[in-house]
Amino acid sequence: MKTRTLLLFTSLVICCQCPLTALAHGASLKDTGKYVVSSGKIKLVLDLSAGVAVSSLSVDGKTVVNAPDGMITSLTIGDKIFSSLHLLAPPVVKATGSGIQITGIKYGDKTITVFENWTLLRTKKGVDWKISRRLSKNIPLNIVQSPVINFESIHTWDGAIQGYGGLAWFYLFTDKPSSYGVHSRSSCFWKAGEKNGLNITINTPAKNVAMTYKRTKDDRLSCSIMTSPSPIIPLNDPDTHRRLFLRGDGNVWSPVNGKTTQTSEDILFAYSDNEKAFDRGKLAGVNGTQVNAVLNTIARIGVIDSLHYGANSWATPYGPICLHEQYIAQLGLGIDDERYLKGYEACLNYYRDHAFKSDGRVFPRWAYTNEDAAPGQFNRDGFYEAQWGVLMDSNPDFVSNVSDLFNLTGDREWVIGQQKACEKALGWILRRDSNRNGLVEMMNGNQTEKKSSDWIDIVWASYENAFVNAKLYYALVQWSEVERVLGNQTRSAYYARCAGKLKTSFNKNIDKGGFWDQHDHCYVHWRDDRNTVHGTNMVTPVNFMAIAYGICDDPARQDTILRTIETKMQAEKLFFWPLTMTSYAPGEAKDSQYPFPSYENGDLFLSWGSVGVAAYAKAHPTIALTYIKNVLSQYGKDGLAFQRYSRKDQSGQGDDILAGNSLSIVGLYQSIYGVNPRYNRLLLDPHLPAQLNGTKLKYHFQGRTLKIDLDSANYAVSDGKYGIRSAHTFGFSSTAAGLTYFDGKNSDAALQVIQKSPVNMTIHTWRPETRSWKMVFDHGGSLPAICKVGQLKAKSQYV
């Protein structure tokens, strides 16, 4: 019997500017005055000098609303506007122990009367504004503002983060007027460089809530709230138009039914410490302010609404969402906001129920209108096949996003609800392998058809497409692990075999039926149905994905690809990787793509930043960091508010702003800092250049705030009670009962410590023959602690 060794070292305020004594018995409009309701850092001033309004709102002493019509209720019926500024009779005002009550608010005309009661209450969280309403008759309401909040200026706030993690970014409200509507029950307003923020949360029995942000003609920012028991849908025909962002005059929403029955809502105004809320820690060696800004703005703008997540901004003319993008969940890794993750779960449920065809085909796009759709190839929910071809990467990308999101949340119940859909999506595309070589085939056979099959949608990639097959490999590997976690070993093994077969064929030389071009030293873009290879021009996403996803595990090939690209980058002095290093051959792309460089034939698309960073990070992290810093520098110049950058002069191009422009910064977190959330642990796998030593991250993971310390070969994760430190890659997990250490990238626990008192663990050695670690118990904690050591061999003796 072999012996192995284990070493254990061991003021809430209400005031008024007229006598409160009168208010105790009720007061009418003739007692004109202003009444203050404040709680903590929130102060509202109720104004009865002309109608009823909240004329002022202050956040920690800064006035953000200051006007007679600052905060009012308003209804538009037909072409008539009625509001609480123009009353039919005086209301009654009464001071209560915790606020002010206004009853008998009546406005309208001879045909319709609106009856409202308001109560402004101070609470521990802030000031709660309760509004109840009924109408004298049932009637359609064209516009509901209950209330509308008119901030002093469009520049009062930079943006408002929605309850689902999206962003109303006022930088994009370039026209006066312009409006953006969303389905959200909360909004967090912030301004860069300022600590003080404002949270507005709506609580109502109504099933549906919508908020509309508007840049007014007089350059104010208004935020109006609308609630309804019936669906709130865009004003345009829902079968063909779903536009949520309007430039110029116009209303976003269709009319809703006004009722004689009473409706109500509570609007809570609360203080937000944005410095604390957005604190990412100490980011040594990079501009932390810019990192935070990119992930709070650009990364979020592809969330068009609560059930529509993608990478194309809501402010673009089409508002398209591409379901053939595998990195939408990865954006959540960088954004690091539970609102985004929970919202994306709901979105993927919606896609599961509305974007799938019966045979398992996943529609690749959604848009405000159907103008980009192939004739007749769309459904009433707005999902469609693009006019450019059948973009087949939507099937694996749906699965990849589900898998990645599950790793971020650990939500088993949710992923079980996605299991059949993911199996169906993979089944559809895996059946597209007619020659059984492991590589799936596209709908189009060759470039003469002038149709596309992937994200690069005006390049005529066909038949066996390396771009799509690389994405499929990633999806198969990820989903195989999910099936294993869910206990389906048979399906897990099947997907793993499919991935292995695909990888083998992918890596073969082109003369053997694979994608490796031994002459040009790159993976080609595609092989057509006549066995001719195309895209030998170092298409960077194809080659980056091959390395980043583990398809190419030959160090010599990896080095050749990366050095070839970097040599060209240095020669051209480009700030970011272009889509291709040289030109597609004539006929391989749409005619407008020539001469090179032009758009998808050679321009700089930042959306491939995370795979580029991942490809370089392991062997050349300093090179990866160079391009991350270049992107941050570009953000400082132009806000990254473009679709792409010109190869010719590196200027921003296109009116279609992409959230993918932030993906290099996501790559900073994922591949350089090595922050890789997994369903059962936080995997820390850094590739840290020396200039980033001393980085101290704050990261939110599955309900806990973690502190991550990064120095060369000295990494630590702590939740404030339990901590692990190691010189190598490891996984961290904690509960109220104890701490779990995972060795390397292994998903099975290596060591569990069950101890309710704080424990800090240092891993010295963790090898099959020798494992040693040290535990320090703080704050009175002591032995006995129960240690469960995993991965031990049977019939062996350990000390």
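A separate point is the overall build of the protein. Across its full length, the protein holds 14 helices and 50 strands. Since a compact globule built from 799 residues should have a radius of gyration of about 28 Å, the 29 Å found for the protein is in line with a globular shape. Taking the principal axes of the C-alpha coordinates as reference, the protein spans close to 90 × 75 × 50 Å. By residue count, 59% of the 799 residues in the protein fall in the buried class. A gap of 6 Å separates the mean positions of the 87 positive and 74 negative side-chain charges of the protein.

The sheet built from nine strands is open, its strands ordered 8-9-10-11-23-18-17-14-15 with antiparallel pairing. Pairing within the sheet leaves two strands with one partner each, and these edge strands are strand 8 (92-96) and strand 15 (167-169). Going across the sheet, the axis of each strand differs from the next one's by a mean of 20°, ignoring polarity. Examined bridge by bridge, strand 17 (residues 186-190) and strand 18 (residues 196-203) share four bridges and lie antiparallel to one another.

Before going further, it helps to examine the sheet that holds strand 31 (residues 464-465). Spatial ordering of the open sheet is given by 31-34-35, a layout of three strands whose pairing is antiparallel. The strands lining the two open edges of the sheet, one partner per strand, are strand 31 and strand 35 (533-534). As paired strands, strand 31 and strand 34 (residues 526-527) are joined by two bridges and run antiparallel to one another. Each bridged residue has a counterpart across the sheet, and for asparagine 465 the counterpart in strand 34 is tryptophan 526.

Attention now goes to the packing of helix 6 (residues 394-409) against helix 8 (residues 466-485). The N-to-C vectors of helix 6 and helix 8 enclose an angle of 45°; their axes lie 8 Å apart at closest approach. Relative to helix 8, the element helix 6 is oriented oblique. For the pair helix 6 and helix 8, the sense of crossing is left-handed. Contact residues: helix 6 offers Pro396, Asp397, Val399, Ser400, Val402, Ser403, Asp404, Phe406 and Asn407, while helix 8 offers Lys471, Leu472, Tyr474, Ala475, Gln478, Trp479, Val482 and Val485. Tallied by class, residues from the contact of helix 6 with helix 8 come to 10 nonpolar, four polar and three charged.

Glancing now at the state of the cysteines. By definition, a disulfide links the sulfur atoms of two cysteine residues through a covalent bond. Tallied over the entire structure, the rule returns zero disulfides. This cysteine, cysteine 223, is not joined by any disulfide, and cysteine 188 carries the nearest cysteine sulfur, 12 Å off. This cysteine, cysteine 422, is not joined by any disulfide, and cysteine 347 carries the nearest cysteine sulfur, 13 Å off. Given a relative accessible area of 0%, cysteine 422 falls into the buried group.

Before going further, it helps to spend a moment on the nonpolar core. Phe189, Phe269, Trp314 and Tyr673 are the most contacted members of the largest nonpolar core, which totals 236 residues. Among the elements that take part in this core, helix 8 stands out by supplying 12 residues, more than any other. Once residues within four sequence positions are removed from consideration, phenylalanine 189 is found in contact with Phe151, Trp157, Gly159, Ala160, Phe170, Gly197, Leu198, Ile200, Tyr213, Leu221, Cys223 and Asn274. Formed by five residues, the second largest nonpolar core is a distinct cluster that contains Ala373, Tyr384, Ala386 and Leu391.

Below, the discussion takes up the pairing of strand 4 (residues 42-47). Within strand 4, five of the six residues are buried, leaving the element largely enclosed by the surrounding structure. Hairpin connection between strand 3 (residues 34-39) and strand 4: a loop of two residues separates the two successive antiparallel strands, and glycine 40 in this loop has a positive phi of roughly 60°. Bridge count between strand 4 and strand 5 (residues 53-59): six bridges; the pairing is antiparallel. What sits directly across from isoleucine 42, in strand 5, is valine 59. Linking two consecutive strands that pair antiparallel, namely strand 4 and strand 5, is a turn of five residues; a positive phi of about 70° is found at glycine 51 within it.

For the rest of this paragraph, the subject is the pattern of salt bridges. This model, assessed by the stated rule, comprises 36 salt bridges. For aspartate 158, the salt bridge identified is with lysine 191, shortest N-O distance 3.5 Å. With a gap of 33 residues between them, aspartate 158 in the loop between strand 13 (143-151) and strand 14 (159-162) and lysine 191 in the loop between strand 17 and strand 18 connect regions that are remote in the sequence. The structure contains a network of salt bridges with shared partners spanning Asp69, Asp218 and Arg220.

Burial runs high along helix 10 (residues 540-548): eight of the nine residues are buried. Buried residues along helix 10 sit in contact with helix 8, helix 9 (489-507), strand 33 (522-523), helix 11 (555-572) and helix 12 (609-617). Looking one or two residues beyond helix 10, the residue adopting positive phi is glycine 550, at roughly 85°.

With that settled, the discussion passes to the packing of helix 7 (residues 412-430) against helix 8. Two elements in contact, helix 7 and helix 8, have axes separated by 11 Å at closest approach and are oriented at 140°. Classified by the angle between their axes, helix 7 and helix 8 sit oblique to one another. In this structure, helix 7 meets helix 8 at a crossing whose hand is left-handed. Residue-level inspection shows Arg412, Val415, Gln418, Gln419, Cys422, Glu423, Leu426, Ile429 and Leu430 of helix 7 in contact with helix 8, the latter providing Val468, Leu472, Ala475, Leu476, Trp479, Val482, Glu483 and Val485.

With respect to the helices and strands, the residue isoleucine 304 is situated in strand 25 (residues 303-305). Note on isoleucine 304: relative accessible area 0%, which makes it buried. Sequence spacing of isoleucine 304 and alanine 168 is 136 residues, and the spatial spacing of their C-alpha atoms is 9.2 Å. Beyond its immediate chain neighbours, meaning those up to four positions away, isoleucine 304 contacts Tyr164, Tyr180, Val182, Leu244, Asn312, Trp314, Gly319, Pro320, Ile321, Trp366 and Tyr368.

A few words now on unusual backbone geometry. Residues lysine 176 and proline 177 are joined by a peptide bond in cis, for which omega reads -5°. Tracing the backbone shows proline 177 in the loop between strand 15 and strand 16 (178-182). Residue phenylalanine 596 is joined to proline 597 through a cis peptide bond whose omega torsion reads -5°. Note that proline 597 resides in the loop between helix 11 and helix 12. Within the chain, aspartate 336 stands out as a residue other than glycine whose phi angle is a positive 55°. Along the chain, aspartate 336 falls in the loop between helix 4 (328-335) and helix 5 (338-354).

In this section: the side chain of glutamine 290. Of note, glutamine 290 is situated in helix 3 (residues 288-296). Looking at glutamine 290, the relative accessible area reads 19%, which means it is buried. Setting aside residues up to four positions removed in sequence, glutamine 290 forms contacts with Leu632, Ser633 and Gly636.

Attention now moves to the confidence of the model for the protein. When pLDDT is averaged across the protein, the result is 93; 95% of the residues are at 70 or more. Long-range and interchain partners of residues 1-32, a stretch whose pLDDT sits below 50, account for 79 contacts in this model, where long-range means more than four residues apart.

Turning our attention to the pairing of strand 40 (residues 695-701). Of the two faces of strand 40, only the one carrying Thr695, Leu697, Tyr699 and Phe701 is buried; Lys696, Lys698 and His700 on the other face are not. Bridge analysis of strand 24 (residues 281-282) against strand 40 gives two bridges, and the strand direction is antiparallel. Opposite lysine 282, over in strand 40, you have lysine 696 as the bridge partner. Pairing between strand 40 and strand 41 (residues 704-711): seven bridges, direction antiparallel. Paired with lysine 698 across the two strands is lysine 707, which belongs to strand 41. Where strand 40 hands over to strand 41, the hairpin turn is made up of two residues, of which glutamine 702 adopts a positive phi near 45°.

Turning our eyes to something else, we now look at helix 14 (residues 663-672). Counted residue by residue, helix 14 has 10 buried out of 10 residues, so it is predominantly covered. The complete set of buried residues in helix 14 reads Leu663, Ser664, Ile665, Val666, Gly667, Leu668, Tyr669, Gln670, Ser671 and Ile672. Downstream of helix 14 by a residue or two, glycine 674 has a phi angle that is positive, lying close to 80°.

One pass over the full model with this rule turns up 47 aromatic pairs. Taking the centre distance of 5.0 Å and the plane angle of 70° together, the rings of tryptophan 118 and tryptophan 129 count as edge-to-face. Of the two residues, tryptophan 118 sits in strand 10 (residues 113-122) while tryptophan 129 sits in strand 11 (residues 126-135), which places them 11 residues apart along the sequence. Note on tryptophan 129: relative accessible area 0%, which makes it buried. Arranged with centres 5.8 Å apart and planes meeting at 40°, the rings of tryptophan 157 and phenylalanine 189 form a pair that is tilted. Of the two residues, tryptophan 157 sits in the loop between strand 13 and strand 14 while phenylalanine 189 sits in strand 17, which places them 32 residues apart along the sequence. Comparing tryptophan 157 with phenylalanine 189, the two get one shared label, buried.

What counts and how
Residue numbers run consecutively from 1 along every chain, following the written order of its sequence. Side-chain atom pairs in this predicted model are given and counted only at pLDDT of 80 or more, local residue features only at pLDDT of at least 70, and totals for whole chains, interfaces and linings cover all residues. As a rule here, side-chain values come from all non-hydrogen atoms in the structure, and water together with hydrogens is ignored. Helix and strand assignments follow DSSP, with helices taken as H or I runs no shorter than four residues and strands as E runs no shorter than two, numbered in order from the N terminus. Only C-alpha atoms enter the radius of gyration, while the globule expectation follows 2.2 Å times N to the 0.38, with N the number of residues. The rule is simple: take the accessible area with a 1.4 Å probe, protein chains only, and divide by the maximum for that residue type; under 20% is buried, over 50% is exposed, in between is partly exposed. This count recognises Lys and Arg as positive and Asp and Glu as negative, with His and chain-terminal groups excluded. Charged groups are reduced to one reference atom each: NZ for lysine, CZ for arginine, CG for aspartic acid, CD for glutamic acid. Each pair of strands is called paired provided DSSP finds at least two bridges between the two strands. Throughout, an axis means a line fitted to C-alpha atoms (over the contacting stretch in the case of helices), and angles, computed between N-to-C directions, take values from 0 to 180 degrees. Angle categories: roughly parallel below 35 degrees, roughly antiparallel above 145, roughly perpendicular from 65 to 115, and oblique for all the rest. In a left-handed crossing the near helix is turned counterclockwise from the far helix by less than a right angle, and in a right-handed crossing that turn is clockwise. Pairs of residues are marked as contacts when any of their non-hydrogen atoms sit within 4.5 Å. Throughout, the ten residues Ala, Val, Leu, Ile, Met, Phe, Trp, Tyr, Cys and Pro are labelled nonpolar, Asp, Glu, Lys and Arg are labelled charged, and all others, Gly among them, are labelled polar. Disulfides are defined in this document as cysteine sulfur pairs within 2.5 Å. Nine residue types can take part in a nonpolar core, namely buried Ala, Val, Leu, Ile, Met, Phe, Trp, Tyr and Cys, and a core is a set of them joined through side-chain atoms within 4.5 Å. Basic side-chain nitrogens of Lys or Arg form a salt bridge, by our definition, when they fall within 4 Å of a carboxyl oxygen of Asp or Glu. Scored between 0 and 100, pLDDT is the confidence that the predictor attaches to each residue. Planes of paired rings set the category: under 30 degrees apart is stacked, over 60 is edge-to-face and the rest tilted, where pairs are Phe, Tyr or Trp rings (Trp by its six-membered ring) whose centres lie within 6.5 Å.

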